[in-house]
Amino acid sequence: MTTEEIIRTWFEKWEKGKFRELPLSKEFSHTSPFGTIEGKNAYLELVEHNQDKFLGYEFQIEDEIYEENRACVRYIARQGKDFKLEVSEWYYLENGNIQKIIAHYHIGEIRQERMLQ
């Protein structure tokens, strides 16, 4: 698969709630304003325990850049009627899987119901 196909698969799996099928490497890491999560299993466990905060999004892609083993996507994520987040993410790939994501967004003040457990 091309880099673009892998990244589009990432978004499709999220929209369908199939986070266990994400194309992640075993050494996957995710960095965001919340910090860095190291390892595919640790990431999936965090999502599992916080599904209300991770699932149910619709994504509106605004900009995309694709290279051989990396991509950058700027998008708007909407969850329900009252939550919207503008995000820019860098994706780094290895052997057909996402090895690392660096996410940039402004989280502002986090409402109590949005806090991760």
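As the structure is a prediction and not an experimental result, all values here were calculated from the model. (Residues numbered from 1 in each chain as written. Predicted model: local features only at pLDDT ≥ 70, side-chain atom pairs only at ≥ 80, totals over all residues. Heavy atoms only, no water.)

So, about the nonpolar core. Counting 30 residues, the largest nonpolar core has W10, W14, Y43, Y91 and I98 as the members making the most contacts within it. The set of elements that each furnish at least two residues to this core consists of α1 (3–15), β1 (24–32), α2 (40–49), β3 (57–66), β4 (70–79), β5 (83–94) and β6 (97–104). When near neighbours in sequence (up to four residues on either side) are disregarded, Y43 contacts W10, W14, L22, L24, F28, H30 and I37. (Core = buried A, V, L, I, M, F, W, Y, C linked by side-chain atoms within 4.5 Å. Buried < 20%, exposed > 50% of the residue type's maximum accessible area, 1.4 Å probe, protein only. Helix = DSSP H or I, 4+ residues; strand = E, 2+ residues; numbered from the N terminus. Contact = heavy atoms within 4.5 Å.)

As enumerated under the stated definition, the model contains eight salt bridges in all. Between E64 and R8 there is a salt bridge, with the nearest N and O atoms lying 2.8 Å from each other. Pair noted here: E64 is in strand β3 and R8 is in helix α1, with a separation of 56 residues, a long-range link. A residue is classified by how much of its surface remains accessible, and E64, at 33% relative accessible area, is partly exposed. Between K84 and E86 there is a salt bridge, with its nearest N and O atoms 4.0 Å apart. (Salt bridge = Lys/Arg side-chain N within 4 Å of Asp/Glu carboxyl O.)

Those residues of α2 that sit buried are Y43, L44, L46 and V47. Along the axis of α2, the buried positions cluster into a sector of 155 degrees, meaning they face one direction only. Exposed positions of α2 whose direction lies more than 90 degrees from the buried face are N41, E45 and H49. (Arc of directions from axis to C-beta.)

Okay, α1 next. The terminal C-alpha atoms of α1, which comprises 13 residues, lie 19 Å apart, in line with the 18 Å expected from a rise of 1.5 Å per residue. For α1, the set of buried residues is T3, I6, I7, T9, W10, F11 and W14. Looking at the residues trailing α1, positive phi occurs at G17, about 75 degrees. (Expected span 1.5 Å × (residues − 1).)

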